[in-house]
Amino acid sequence: MNRAFADRYFPHSNAIGRKVWFNGRDRPGIEIVGEIANGRTDDLTQEASPELYLPLWQANAFSKHLVVRTTADPRSVVVAVERELHSVDPTAAIENVKTLEQIRDESLASRTFAMNLLTGFSVVGSVLTLVGIYGVLSLSAASRRRELAIRSAVGAQQSDIRKLIFGEGFRLIAGGVLIGAALAIVLSRVLRTFLFEVQPNDPVTLIVVGALFLAVGLLACWMPVRWAGKVDPLEALRYE
């Protein structure tokens, strides 16, 4: 049996040596002789279900799975394994020979496609957001050209003007990150089925992604801040 079987049917006792019956107690029971770790047989994205493993010659199932472990290239040992199987049972039909990597990829194909699609959308959305931040700050700095010139004329240093524009960009980005984190926590519960070994409200993921986006957003502020710090008060006031 696997661990999930023991947890469900024998949660508070040792199952080794116990017996189970499938077709009533009028037939001999099947004795449990060992316990193995959980394995996901049907779907890698689902929790392991209770399973029993029966000896091949005691339970002649219609379909059987043979798992072979090798340190060589798995495709190079297929012929040798088929030859050995036919030596044991010449009538055995061997089909669907796959490596564990192929089985894993097929099981996760739909999830992988959805993940790549969502990743693409998130990258495009992030780029558009950064372009928007750059555009908003550039427009704000350009529209405040007279104000920045007056500030510079009355004694404001270039560093002060840079801090002013940079602070505006920081507040804009920080507010967006906080709102985005809140929406991510809410929407991730809807997308829970696409998450693997990550909780919807995983704090490490939210902090790392938020910090990364904040850093990239501040990088987008660099050109408007640099331009605002170079405003010539005489030229700007003469233009106005």
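See the structure printed just above.
Conventions adopted
Residues numbered from 1 in each chain as written. Predicted model: local features only at pLDDT ≥ 70, side-chain atom pairs only at ≥ 80, totals over all residues. Heavy atoms only, no water. Helix = DSSP H or I, 4+ residues; strand = E, 2+ residues; numbered from the N terminus. Buried < 20%, exposed > 50% of the residue type's maximum accessible area, 1.4 Å probe, protein only. Polar contact = N/O pair within 3.5 Å; in protein donor to acceptor, adjacent residues only side chain to side chain. Contact = heavy atoms within 4.5 Å. Phe/Tyr/Trp six-rings, centres within 6.5 Å; stacked < 30°, edge-to-face > 60°. Salt bridge = Lys/Arg side-chain N within 4 Å of Asp/Glu carboxyl O.

Undergrad: Tell me about unusual backbone geometry, and please be specific about residues and values.
TA: In this structure, asparagine 96 is a non-glycine residue whose phi angle is positive, near 55°. As for its position among the elements, asparagine 96 is in the loop between helix 2 (78-88) and helix 3 (100-107).

Undergrad: Before we move on, could you go through the side chain of asparagine 2 and cite the residues and values that matter?
TA: By secondary structure assignment, the location of asparagine 2 is in the segment before helix 1 (3-9). Since its relative accessible area comes to 0%, asparagine 2 is described here as buried. A polar contact is formed between the side chain of asparagine 2 and the backbone nitrogen of glutamate 51, at a distance of 2.9 Å. Contacts of asparagine 2, omitting those with residues within four sequence positions, involve Glu35, Ile36, Ala37, Asn38, Ser49, Pro50, Glu51 and Tyr53.

Undergrad: With reference to specific residues and values, describe the packing of aromatic side chains.
TA: Scanning all chains against the criterion turns up 2 aromatic pairs. With a centroid separation of 4.7 Å and an interplanar angle of 45°, the aromatic rings of phenylalanine 5 and tyrosine 9 are classed as tilted. You can see phenylalanine 5 and its partner tyrosine 9 sitting in helix 1, 4 residues apart, about one turn around the helix. Taken together, the aromatic side chains of Phe5, Tyr9 and Phe10 make up a single cluster linked through ring pairs.

Undergrad: With reference to specific residues and values, describe the pattern of salt bridges.
TA: Within this structure, the stated rule accounts for 4 salt bridges. Salt-bridge contacts for glutamate 106 lead to lysine 98; the nearest nitrogen and oxygen are separated by 2.8 Å. The partly exposed category is assigned to glutamate 106, whose relative accessible area is 48%. Assessed through its relative accessible area of 38%, lysine 98 is described here as partly exposed. As a salt-bridge pair, arginine 104 and aspartate 105 come within 3.4 Å of each other at their nearest N and O atoms. It is possible to trace a salt-bridge network through shared partners that takes in Arg3, Asp7 and Glu35.

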